[in-house]
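The chain contents come next:
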Amino acid sequence: MLSPRPVNHHRMFLTAYEDTFDYGWHHVDLFVHDEHGREVNWVHWTVEADGPEAADESVRREEPQLRRTTPWQHHISDFGMNYWTAEAAWGRVESTAN
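First, a word on scope: everything that follows refers to the structure included in this document. (Residues numbered from 1 in each chain as written. Predicted model: local features only at pLDDT ≥ 70, side-chain atom pairs only at ≥ 80, totals over all residues. Heavy atoms only, no water.)

## Let's talk about the overall build of the chain
Now for step 1: Scanning the chain from terminus to terminus reveals one helix and six strands.
Now for step 2: Mapped in sequence order, the helices and strands of the chain form the string β-β-β-α-β-β-β.
Now for step 3: Across the 98 residues that make up the chain, the buried fraction comes to 36%.
Now for step 4: Counting only contacts in the chain whose residues sit at least 6 apart along the sequence, the fraction spanning at least 24 positions is 47%. (Helix = DSSP H or I, 4+ residues; strand = E, 2+ residues; numbered from the N terminus. Buried < 20%, exposed > 50% of the residue type's maximum accessible area, 1.4 Å probe, protein only. Contact = heavy atoms within 4.5 Å.)

## What about the pattern of salt bridges?
Now for step 1: Counting across every chain of the model gives five salt bridges.
Now for step 2: Here Glu-87 and Arg-11 are joined by a salt bridge, their closest N and O atoms 2.7 Å apart. You can see Glu-87 sitting in strand 6 (residues 82-90) and its partner Arg-11 sitting in strand 1 (residues 9-17), a full 76 residues away along the chain.
Now for step 3: For Glu-87, a relative accessible area of 25% corresponds to the partly exposed category.
Now for step 4: Residues Asp-56 and Arg-68 are paired through a salt bridge, measuring 2.9 Å at the closest nitrogen-oxygen approach. (Salt bridge = Lys/Arg side-chain N within 4 Å of Asp/Glu carboxyl O.)

## Comments concerning the packing of aromatic side chains
Centre distance and the angle of the planes are the two values used to describe a pair of aromatic rings.
Now for step 1: Summed over all chains, the structure comprises five aromatic pairs.
Now for step 2: Aromatic pair Phe-13 and Phe-31: ring centres 5.3 Å apart, planes at 25 degrees, arrangement stacked. Note that Phe-13 is positioned in strand 1 and Phe-31 in strand 2 (residues 27-34), a separation of 18 residues in sequence.
Now for step 3: Judged by its relative accessible area of 8%, Phe-13 falls in the buried class.
Now for step 4: With a relative accessible area of 14%, Phe-31 lands in the buried category.
Now for step 5: Above the face of the Phe-13 ring, Arg-11 is positioned so that its terminal group lies 4.1 Å from the ring centre. (Phe/Tyr/Trp six-rings, centres within 6.5 Å; stacked < 30°, edge-to-face > 60°. Lys NZ or Arg CZ within 6 Å of the ring centre and 35° of its normal.)

In structure tokens form, the structure reads like this:
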């Protein structure tokens, strides 16, 4: 039993990846977390290339009402994979993204 129970979809963010280990799977994830930071839902889709630029192009084409609202932040996973995250929202949002 979860306590407190996740009921509010509080935060949405995109994750773009680099295919560091040449698996051949270029993709973007859209995550939804609740107000306690727990994952509520997610979806992923294939993109033509790695990284934030390809993710931005894909979002504009596939989900034109989804907006990135922050600049991409670069991270490196514990096992050495490059990835980037950025906050996102539905609708016409004034972007602070660079």
